[in-house]
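# Observations on chain architecture
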Amino acid sequence: MLSWFLCSVFLLLGTKLENFIGINGVYIDSGQKYTSEEKLALDKLREMVSSSLYLDYQSDDGYLINWLKHKNMDVHAAAKALETTIRWRKENNIDNILQDKELIKMMKSYPSTVGKAVDKTGHPASEMSYSNWNFRKAVLAGKRDQLMLLMTSSFERITTIARKMGTYKYISLTDMQGYNKRDHGCLLCIPILVNATLTSETHYPNTLYKVIAINTPRIYATVFDLIRALMGEGTKAASHFFGSNKNEWQPFLLNLFSKEQLPIHFGGTRTS
């Protein structure tokens, strides 16, 4: 009798019951699948942090599940981590970082392409080439902290795009052609990479669907060992670093992206 009543309610609302409760306790909501345990954890986390959430998307299952998975489904640890990020966002005015005029100006010297490429399953990509970024030059010009903020603005931009596309994950594409110890791996430069990694892991957790680098030189190995130690297990599993052999990295990329989505230097045909 109860099940008939519930079905009637969902039908009256114009919604199919299976869109919410699937087989074997898997919940399906807005295209996302969650187990009954995950759904219970999501509801508990949302309740715990409700007084701290101030942006609409922060209540979304797709946003909150990333925090739970970041902390191995430990609701209390996820709540603590999320509240730390909310304080960080407010203290550093992250909500307005994309409108920062100084950072917008700096993008001309340190360009990246965000959201132009989208993979076959709907994940947007952020593209960056080391040949266009000189860390050492920024440090010597007294703009190290500004460069760190620019990287944070890139995370904010791509995750905003991903969210508006209905996913909370994106792909990071990096062309390491031009990487060298003097301009990127010097002692003054490494803190920039460390900060970027920690910012991503701490404040944008579990948002990386894939991390792909091509033309990775062997001299990057030492720095990568340091960066890898700062990565979460999910990021490590999502990371794919290739050398300069195009016959190895191009098939991998074209398995993820249509050729017209990728720029030429990433093995595609896009010219803009």
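Remember, predicted model here, so these are calculated numbers, not experimental data. Counting restarts for each chain: residues are numbered from 1 in the order of the written sequence. Selection of residues for local features in this predicted model requires a pLDDT of at least 70, selection of side-chain atom pairs for listing and counting requires 80 or more, and totals for whole chains, interfaces and linings are taken over all residues. By convention in this description, side-chain values take in all heavy atoms of the structure and omit both hydrogens and water.

## Let's talk about the side chain of Ser200
- Helical segments are the DSSP runs of H or I of at least four residues, strand segments are the runs of E of at least two, and each set is numbered from the N terminus. With respect to the helices, strands and loops of the structure, Ser200 is situated in helix H8 (residues 190-203).
- If near-sequence neighbours (up to four positions away) are discounted, Ser200 is found in contact with Phe155, Tyr170, Pro205 and Leu208. In this analysis, two residues are considered to be in contact whenever any of their non-hydrogen atoms come within 4.5 Å of each other.

## A few points about a positive patch on the surface
- Together, Lys105, Lys108, Lys137 and Lys143 give the surface a local cluster of positive charge.
- Looking at the secondary structure, you find Lys105 in helix H5 (residues 101-106).
- Under the relative-accessibility criterion, Lys105 is labelled exposed at 59%. In this scheme, patches are assembled from residues that exceed 30% relative accessible area and form no salt bridge. Like charges are connected within 9 Å, while nonpolar side chains (Val, Leu, Ile, Met, Phe, Trp, Tyr) are connected within 5 Å. Computed with a 1.4 Å probe, the accessible areas rest on the Shrake-Rupley method; for each residue, only the protein chains presented here act as cover. Any Lys or Arg side-chain nitrogen located within 4 Å of an Asp or Glu carboxyl oxygen qualifies as a salt bridge. In this tally, Asp and Glu contribute negative charge and Lys and Arg positive charge; neither His nor the terminal groups of the chain are included. Note on charges: their place is set at NZ of Lys, CZ of Arg, CG of Asp or CD of Glu. Residue exposure (1.4 Å probe, protein chains only): buried if accessible area is under 20% of the type maximum, exposed if over 50%, otherwise partly exposed.

## Let's talk about the pattern of salt bridges
- The final tally for this structure, using the stated rule, is nine salt bridges.
- Two residues, Asp43 and Arg46, come together in a salt bridge whose shortest N-O distance is 3.2 Å. In this pair, Asp43 and Arg46 are both assigned in helix H2 (residues 36-49), three residues apart and thus about one turn of the helix distant.
- Asp43 gets classed as partly exposed once you look at its relative accessible area, which sits at 37%.
- Residues joined by salt bridges that share partners form a network here, namely Lys39, Asp43, Arg46 and Asp61.

## Overview of helix H9 (residues 221-230)
- Of all the positions in H9, only Val223, Phe224 and Ile227 are classed as buried. Seen end-on, H9 carries its buried residues on one side only, within an arc spanning 95°. Along H9, the residues that are exposed and aim more than 90 degrees away from the buried face are Thr222, Asp225 and Ala229.
- Of the surrounding elements, those touching the buried residues of H9 are H8 and strand S7 (239-241). Taken from the helix axis, the directions to the C-beta atoms give the arc we talk about.

## Describing the state of the cysteines
- Pairs of cysteine sulfur atoms within 2.5 Å are identified as disulfides in what follows. Across all of its chains, the model carries one disulfide by this definition.
- Between the sulfur atoms of Cys186 and its disulfide partner Cys189 the distance amounts to 2.2 Å. Across the disulfide from Cys186 to Cys189, rotation about the S-S bond amounts to roughly 75°, and the bridge is consequently right-handed.
- With relative accessibility at 15%, the residue Cys186 sits in the buried group.
- Since its relative accessible area comes to 0%, Cys189 is described here as buried.

## Some thoughts on the nonpolar core
- Grouped together as the largest cluster of nonpolar side chains are 37 residues, with contacts concentrated most on Trp133, Phe135 and Leu147.
- Of all elements in the fold, only H5, helix H6 (135-140), helix H7 (144-164), H8, strand S6 (208-214) and H9 reach the threshold of two or more residues within this core.
- Broken down by element, this core gets its largest block of residues, six residues, from H7.
- With 19 residues, the next largest nonpolar core counts Trp67, Val75, Ala79 and Ala81 among its residues. Put simply, a nonpolar core is a bunch of buried Ala, Val, Leu, Ile, Met, Phe, Trp, Tyr and Cys residues held in one set by side-chain atoms that sit within 4.5 Å of each other.

## Thoughts on helix H4 (residues 75-91)
- One fewer than the residue count of a helix, multiplied by 1.5 Å, yields its expected span. Compared with an ideal rise of 1.5 Å per residue, which puts 17 residues at 24 Å, H4 spans 24 Å between its outermost C-alpha atoms and is within 8% of the ideal.
- Every buried residue belonging to H4 is among Val75, Ala78, Ala79, Ala81, Leu82, Thr85, Ile86, Trp88 and Arg89, and all of these are buried.
- By the criterion applied in these results, polar contacts are pairs of N or O atoms within 3.5 Å in which, for protein atoms, one can donate a hydrogen and the other can accept it, and in which residues neighboring in sequence qualify only through two side-chain atoms. Of the residues that open H4, the one with a side-chain oxygen 3.1 Å from the backbone nitrogen of His76 is Asp74.
- Remark: Asn93 follows H4 within two positions and exhibits a positive phi of approximately 55°.

## As for the sheet that holds strand S5 (residues 170-175)
- Across the sheet, five strands lie side by side as S3-S4-S5-S6-S7; this open sheet has mixed pairing. For this open sheet the edge positions go to strand S3 (113-118) and S7, each flanked by a neighbour on one side alone. Along the sheet, successive strands turn relative to each other by an average axial angle of 20°, direction set aside.
- Direction of pairing for S6 relative to S7: parallel, over a ladder of three bridges. Its bridge partner lying in S7, Ala213 is registered against Phe241.
- Across the sheet, helix H11 (residues 246-256) lies against S5, S6 and S7, angled at about 155° from S6, the strand it touches most. A pair of strands is labelled paired if DSSP reports no fewer than 2 bridges between them. The angle between two axes is taken between their N-to-C directions and runs from 0 to 180 degrees, where each axis is a line fitted to C-alpha atoms and a helix contributes only its stretch in contact.

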